[in-house]
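# Commentary on secondary and tertiary structure
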Amino acid sequence: MVKAVVGANWGDEGKGKITDMLAKEADIIVRFQGGANAGHTIVNNYGKFALHTLPSGVFYDHTTSIIGNGVALNIPLLFKEVQEIVSKGVPEPKILVSDRAQIVMPYHILFDQYEEERLGKNSFGSTKSGIAPFYSDKYAKIGFQVSELFDEELLQEKVKRVCETKNVILEHLYHKPAINPDELLETLHEYRDMVKPFVCDVSLYLHNALKEGKEILLEGQLGTLKDPDHGIYPMVTSSSTLAAYGAIGAGVPPYEIKQVITVCKAYSSAVGAGAFVSEIFGEEADELRRRGGDGGEFGATTGRPRRMGWFDCVASKYGCRLQGTTDVAFTVLDVLGYLDEIPVCTAYKVNGEITTEFPTTALLEKAEPVIEKLPGWKCDIRGIKNYEDLPENCRKYIEFVEEKIGYPITMVSNGPGRDDIIYRNK
Ligand code: GDP
């Protein structure tokens, strides 16, 4: 069967930890969208890792890690990441790369930088990993599929053709140096040699795996609010972050996805620009940022301080609904133990009206948070294994959130480690 692990909000909800944990029982873990622009932080018996392209199940020797066709594949970064984990003692992972995945080209990264520079104060806060130019080219049908690396004639012709258009933009829009087609071809030959041993017809592989009764995990990057269709457009990412897209980005039938585990963090954080209704500032935000996650809320890829806010029931209810949630994993709850009272955003006030439905972006920009305060539990809950052993106010917080979002919280994460998890039977 297939399970998806996805985010309800802006990303950084703790999907990496939940995937790493669930991968213990899984055979295959697939990344189905996004690229090296976001990171998952994982703490396990080998140490602490920030993964960008590799699926979070890569630390077990029984799992196969797959880069699906939906991913923006940065080939040198993928292999750098493999070397990094192996150098820290992780067994050499079994990796497969879809022959239909497309390649992040060196010029995608440059175009991302140049465009952000050009936009100046109107920039998107891109991580400059080339993701938006990559997906633009994919849908403009001038991207390079992994399979195309193995057809020299096609490759040469396409490199020449693509350089022609790219160079016009480089010269006239950005006033930057042109791409040399021979050098680009050389780079693609290097990419071909690196990726060759791992290339696979992934949808066929997964089809056969399903027939054999294997368990497959689809690992999402970012969260619902960064989805290009259902998120806070245009401050979104360039590929769908929804579990439904897992079927496409991995190449499995949609009806095979039996469980959608949506990860929600016990408070909010976001990176990049865009409306963030429950955002907090100043010392209140600094303290939550310092205490948050595992060693502070700073981007796994960029090191940027994350924007902080209280739990947003409106955004999370919407985030869970669009994912098609069967289970909520509620994470980083331990961090809130320092608060006397815990503010929660339970509704938005938009143009004088109270709503609990998440609006489109223009209205979202006008939304003000309606805040309720719940009593804190004022103690450390790490190490607790049974739901009943959590302090009463902590359980009340969980149950309050569960009622507001309307999806069952079946897992509560009370620490960054694999075993810091409390299951609830629902
Ligand atoms: P992802 O992109 O959704 O995988 O999330 P990130 O890895 O960016 O952020 C989650 C951060 O929280 C990481 O530093 C994790 O190690 C940490 N983390 C995950 N779950 C918990 C938890 O229950 N408690 C604490 N304290 N940290 C957690």
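Let us look at the structure shown here. (Residues numbered from 1 in each chain as written. Predicted model: local features only at pLDDT ≥ 70, side-chain atom pairs only at ≥ 80, totals over all residues. Heavy atoms only, no water.)

## Focus: the site of the ligand
By nearness alone, 20 residues border the ligand, and K15, G16, H40, T41 and S413 come closest of all. Between the ligand and G14 there is a distance of 2.9 Å, counted from an oxygen atom to a backbone nitrogen or oxygen. Within the contact set of the ligand, a nitrogen atom lies 3.3 Å away from a side-chain nitrogen or oxygen of R382. Among the cavities detected, the one that contains the ligand is the second largest pocket. For the shell around the ligand, the secondary-structure elements that each account for two or more residues are α1 (15-22) and β3 (40-44). With three residues, α1 is the single largest residue contributor to the shell around the ligand. Broken down by class, the residue content of the shell around the ligand amounts to three nonpolar, nine polar and eight charged. (Near = heavy atom within 4 Å. Polar contact = N/O pair within 3.5 Å; in protein donor to acceptor, adjacent residues only side chain to side chain. 1 Å grid on protein atoms, 1.4 Å probe; cavity = no way out; pocket = protein on both sides within 12 Å on 5 of 7 lines; lining within 4 Å. Sits in = over half its atoms within 2 Å of the grid points. Helix = DSSP H or I, 4+ residues; strand = E, 2+ residues; numbered from the N terminus. Nonpolar A, V, L, I, M, F, W, Y, C, P; charged D, E, K, R; others polar.)

## Some thoughts on the packing of helix α3 (residues 106-119) against helix α5 (residues 152-174)
At a minimum axis distance of 12 Å, the contact between α3 and α5 shows a crossing angle of 25 degrees. Considered as vectors, α3 and α5 are oriented roughly parallel to each other. The handedness of the crossing between α3 and α5 comes out as left-handed. Residues Y107, F111, Y114, E115 and R118 of α3 form the contact with α5, whose participating residues are V162, K166, I169, L170, L173 and Y174. Class assignment for the residues of the contact of α3 with α5 results in eight nonpolar, no polar and three charged. (Axes fitted to C-alpha atoms, helices over the stretch in contact; angles between N-to-C directions. Parallel < 35°, antiparallel > 145°, perpendicular 65-115°, else oblique. Left-handed = near helix turned anticlockwise from the far one by under 90°. Contact = heavy atoms within 4.5 Å.)

## Regarding a negative patch on the surface
A contiguous patch of negative charge, built from D182, E183, E186 and E190, is present on the exposed surface. Its place among the elements puts E183 in helix α6 (residues 181-195). (Patch = residues over 30% accessible without salt bridge, like charges linked within 9 Å, V, L, I, M, F, W, Y side chains within 5 Å. Areas by Shrake-Rupley, 256 points an atom, 1.4 Å probe, with all protein chains shown as cover. Salt bridge = Lys/Arg side-chain N within 4 Å of Asp/Glu carboxyl O. Lys, Arg positive; Asp, Glu negative; His and termini not counted. Charge placed at Lys NZ, Arg CZ, Asp CG, Glu CD.)

## Considering the packing of aromatic side chains
Tallying each qualifying case throughout the model produces 12 aromatic pairs. Judged by centre distance (6.5 Å) and plane angle (85 degrees), the ring pair of Y107 and F111 falls under edge-to-face. Of this pair, Y107 and F111 both sit in helix α3, four residues apart, roughly one helical turn. According to the relative accessible area criterion, Y107 is buried, its value standing at 2%. By relative accessible area, F111 is classed as buried at 9%. Considering the side-chain rings of F311 and F330, the 5.7 Å spacing of their centres and the 80 degrees angle between planes classify their relative orientation as edge-to-face. Of the two residues, F311 is situated in strand β15 (residues 311-312) and F330 in strand β16 (residues 327-331); the sequence distance between them amounts to 19 residues. Connected via pairs of aromatic rings, a cluster forms that spans Y107, F111, Y114 and Y174. The ring of F144 carries K158 above its face, with NZ or CZ at 4.8 Å from the centroid. A cation over an aromatic ring shows up here: R424 above the ring of Y387, its NZ or CZ 4.3 Å from the ring centre. (Phe/Tyr/Trp six-rings, centres within 6.5 Å; stacked < 30°, edge-to-face > 60°. Buried < 20%, exposed > 50% of the residue type's maximum accessible area, 1.4 Å probe, protein only. Lys NZ or Arg CZ within 6 Å of the ring centre and 35° of its normal.)

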